[in-house]
Amino acid sequence: METELNSAETTRRLGRDAQAPPNTHNEQIPATLNALVTTPPSAIVYCEGNFSKIDGKTANGLVRHSETYRIVSVIDSTFDGQDSGVVLDDTANQIPIFDHLEAAIAHEGAIPDTLIYGMAPSSGRLSPLDRSVVLEAIDLGMNIVSGLHEYLSDDGEIARAASQQDVTIRDIRKPKLSKDMRLFDGSVARVGALRIAVLGTDCAIGKRTTATVLARVLNANGIKTVLVGTGQTGLMQGAKYGVAMDAIPPQFCCGELEGAIVAASQAENPDVILIEGQGALSHPAFCTSAFILRGSQPDAVILQHAPKRAHRCDFPDMPMPGPASEISIIEAFADTKVIGLTLNHEGMDEAEIAGAITTHAQKYGLPVTDALSRPAAELLAMVVSAFPKLSQARPVASF
């Protein structure tokens, strides 16, 4: 093979995503080729009509943090011409938003490696417009990444197009065969690392973002931390360990998560393992939080809450619970303690955020912060104050 091939060329010639992490179901590229890949594959994130909204949480997460892909632009005609960081967090990130795929490619000056479907609609399916964009990207030679419940690799039209263009379809939520899945065996109890789950009072409330910020600040302060992903966005971002929990048959959920935690412990010997939450334990539409608590058996929980959210996401007739009821149900369901609250400041101005932090801290007697609007050091202090010995000793696992 010619050594001067760039990452995009090697990706297309092999017909796979050269940087797909090892917990996906793609074939792995040879070690000799890994040496040639110096930068992550470039990617456009498709999020038409949903960027900065709840259903655009995958795109929102990817522009904030991505290790697996180099995000070059976002597609959403609502914000054409704007900076995605300004739209999302009032801070420029130089990732522009365009109204269609052709404009995004023209701005880049070359065809990026990958198109990522950046939405998580409640239907879990492609719209006719979405399908046309996916097919257009395939025709241009772009690999496709999707976190939908509808597996694009099983779609006859899309799969045929991908085969003809020799590109890959990476279905994040497509599980391995049940014969290869793992049942819970209790080995998580022998993991020496402190295990902290980041749960919430609703879905799409910022659990993954808070966990990502916390992992970063812990590692930056010498507390070796591994984040175990449990949803499609975290796995797309580059979580080295994890499983898309809502794609696993219930009898294997606890075992598959336990296996990811044990693997992280054995390979990394971390001080802390953070477990990304899904849904909410109190939410009748989701059962993943229950599996996360059972499978990870966390030493502690950090609870994420949106004070101004009036009703459950996608359930307008279902009022939001307060932190008190969620804390009670978590601590009754599992042998763990909630050590702090983190806020999602949607719909809040600065004065409201400051007031909510003070009010919640006084009401619940817990440290409270906002991972995006407050210094990450406050998240660090939340964990260290609960576990002061963290920086003094390394855990020792026994298997």
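Below: a short report on this structure. None of these values were measured; they are calculated from a predicted model. (Residues numbered from 1 in each chain as written. Predicted model: local features only at pLDDT ≥ 70, side-chain atom pairs only at ≥ 80, totals over all residues. Heavy atoms only, no water.)

1. Thoughts on the sheet that holds strand β8 (residues 225–229)
Applicable threshold: Strands qualify as paired when DSSP identifies two bridges or more between them. Where helices and strands are cited, they refer to DSSP runs of H or I of at least four residues and of E of at least two residues respectively, numbered from the N terminus.
If you trace the seven strands from one edge of the open sheet to the other, you get β9-β8-β10-β7-β11-β14-β15, paired in parallel fashion. The sheet is open, and its two edges are formed by β9 (241–242) and β15 (368–369), each paired on a single side. Summarising the sheet, β8 and strand β10 (residues 272–276) pair through four bridges and their orientation is parallel. Bridge pairing in β10 links L227 to L274.

2. Focus on the packing of aromatic side chains
Quick note on the threshold: For this analysis, a ring pair means two rings from Phe, Tyr or Trp (six-membered ring only for Trp) whose centres lie within 6.5 Å, classed as stacked if their planes differ by under 30 degrees, edge-to-face if by over 60, and tilted for the remaining angles. Here, over-ring charges are defined by two tests on the NZ atom of lysine or the CZ atom of arginine: distance to the ring centre within 6 Å, and angle to the ring normal within 35 degrees.
One pass over the full model with this rule turns up two aromatic pairs. When the ring of Y46 is compared with that of Y117, the centres are 6.1 Å apart and the planes differ by 45°; the resulting orientation is tilted. Highlighted residues: Y46 in strand β1 (residues 42–46) and Y117 in strand β4 (residues 114–117), separated in sequence by 71 residues. Its guanidinium or amino end placed over the ring of F333, R294 lies 4.0 Å from that ring's centre, counting from NZ or CZ.

3. Some remarks on the pattern of salt bridges
Short version of the rule: Every case where a carboxyl oxygen of Asp or Glu lies within 4 Å of a side-chain nitrogen of Lys or Arg is listed as a salt bridge. Accessibility here uses a 1.4 Å probe with only protein chains present; expressed as a share of the type maximum, an area under 20% marks a residue as buried, one over 50% as exposed, and anything in between as partly exposed.
Counted under the stated rule, the structure contains 16 salt bridges. In this structure, R64 engages D89 in a salt bridge whose closest nitrogen and oxygen atoms are separated by 2.7 Å. Note that R64 is positioned in helix α3 (residues 57–64) and D89 in helix α4 (residues 84–89), a separation of 25 residues in sequence. Taking relative accessible area as the criterion, R64 reaches 31% and is therefore assigned partly exposed. Classification of D89 by relative accessible area gives partly exposed; the value is 30%. It is possible to trace a salt-bridge network through shared partners that takes in R131, D155 and E157.

4. Brief notes about the sheet that holds β4
Quick note on the threshold: Contacts between residues were defined by any pair of non-hydrogen atoms, one from each residue, lying within 4.5 Å. To obtain an axis, a line is fitted to C-alpha atoms, over the contacting stretch when the element is a helix, and the angle between two such axes runs from 0 to 180 degrees between their N-to-C directions.
The six strands lie next to each other as β3-β2-β1-β4-β5-β6, forming an open sheet whose pairing is parallel. Two strands close off the open sheet at either side, each with one partner strand: β3 (97–98) and β6 (169–171). As paired strands, β4 and strand β5 (residues 143–146) are joined by three bridges and run parallel to one another. The residue bridging L115 from the neighbouring strand is I144, located in β5. Across the face of the sheet, helix α5 (residues 101–108) comes into contact with β1, β2 (70–75), β3 and β4 while running at roughly 140° to β2.

5. Let's talk about the packing of helix α10 (residues 250–268) against helix α11 (residues 288–296)
Rules: Our angle categories are set so that under 35 degrees counts as roughly parallel, over 145 as roughly antiparallel, 65 to 115 as roughly perpendicular, and the remainder as oblique. Here a crossing is called left-handed whenever its near helix is offset anticlockwise from the far helix by less than a right angle, and right-handed whenever the offset is clockwise. Amino acids are sorted into nonpolar (Ala, Val, Leu, Ile, Met, Phe, Trp, Tyr, Cys and Pro), charged (Asp, Glu, Lys and Arg) and polar (every other residue, Gly among them).
The interhelical angle for the contact between α10 and α11, taken along N-to-C directions, is 50°, at an axis separation of 8 Å. Relative to α11, the element α10 lies oblique. The handedness of the crossing between α10 and α11 comes out as right-handed. On the side of α10, the interface is formed by P250, C253, C254, L257, E258 and I261, while α11 contributes F291, I292, R294, G295 and S296. Taken together, the residues that form the contact of α10 with α11 break down as seven nonpolar, two polar and two charged.

6. Some points on the packing of helix α6 (residues 128–139) against helix α7 (residues 156–165)
Where α6 meets α7, the axes come as close as 9 Å, and the angle between the chain directions of the two elements is 15°. Our classification of the angle between α6 and α7 gives roughly parallel. Of the two possible hands of crossing, α6 and α7 adopt the one that is left-handed. Facing α6, whose interface residues are R131, V134, L135, I138 and D139, α7 presents E157, I158, A161, A162 and Q165. Of the residues that constitute the contact of α6 with α7, the class distribution is six nonpolar, one polar and three charged.

7. Some details on the pairing of strand β7 (residues 194–200)
Most of β7 sits inside the fold, with seven of its seven residues counted as buried. Of the two faces of β7, the one holding L194, I196, V198 and G200 and the one holding R195, A197 and L199 are both buried throughout. Alignment of β7 against β10, held across five bridges, turns out to be parallel. When the sheet's bridge partners are listed, A197 is paired in β10 with I275. Across five bridges, the pairing between β7 and strand β11 (residues 300–305) is parallel. Residue L199 lies in a different strand from β11, and its bridge partner there is L303.

8. Observations regarding the state of the cysteines
Each disulfide consists of a covalent bond between the sulfur atoms of two cysteine residues. Short version of the rule: Defined by distance alone, a disulfide is two cysteine sulfur atoms within 2.5 Å.
Taken as a whole and judged by the stated rule, the model has zero disulfides. There is no disulfide at C203, and the cysteine sulfur nearest it, in C313, is 4.0 Å away. C203 gets classed as buried once you look at its relative accessible area, which sits at 9%. With relative accessibility at 5%, the residue C313 sits in the buried group.

9. Remarks on the nonpolar core
Our working definition: For the purposes of this section, nonpolar cores are sets of buried Ala, Val, Leu, Ile, Met, Phe, Trp, Tyr and Cys residues that join through side-chain atoms within 4.5 Å.
With 48 residues, the main nonpolar core has I44, F51, I71, L115 and I116 as its most contacted residues. Judged by nonpolar contacts, the second largest core, of 42 residues, contains V191, A260, I261 and V262.

10. Overview of unusual backbone geometry
At Q297, a position not held by glycine, the phi torsion is positive, near 45°. Here the phi dihedral of D314 falls at roughly 70°; this positive angle occurs in a residue that is not glycine. On the secondary structure map, D314 appears in the loop between β12 (311–312) and β13 (315–319).

11. Side note on the side chain of S289
Position of S289 among the secondary structure elements: in helix α11. Every residue in contact with S289, bar those within four places of it in the chain, is listed here: Q278, G279, A280 and L281.

12. A short note on the pairing of β2
Note the threshold: Whether a crossover is right-handed depends on one test, that the path from the first strand over the helix to the second runs clockwise when the strands point away from the viewer.
Of all six residues in β2, five are buried, a share of seventy percent or more. Summarising the sheet, β1 and β2 pair through five bridges and their orientation is parallel. For I44, the partnering residue across the bridge sits in β2 and is S73. In this view, the connection linking β1 to its parallel neighbour β2 by way of α3 has right-handed handedness. Bridge count between β2 and β3: two bridges; the pairing is parallel. Counterpart to V74 in the pairing with β3 is I97.

All quantities given are derived from atomic positions and should not be read as evidence of function.
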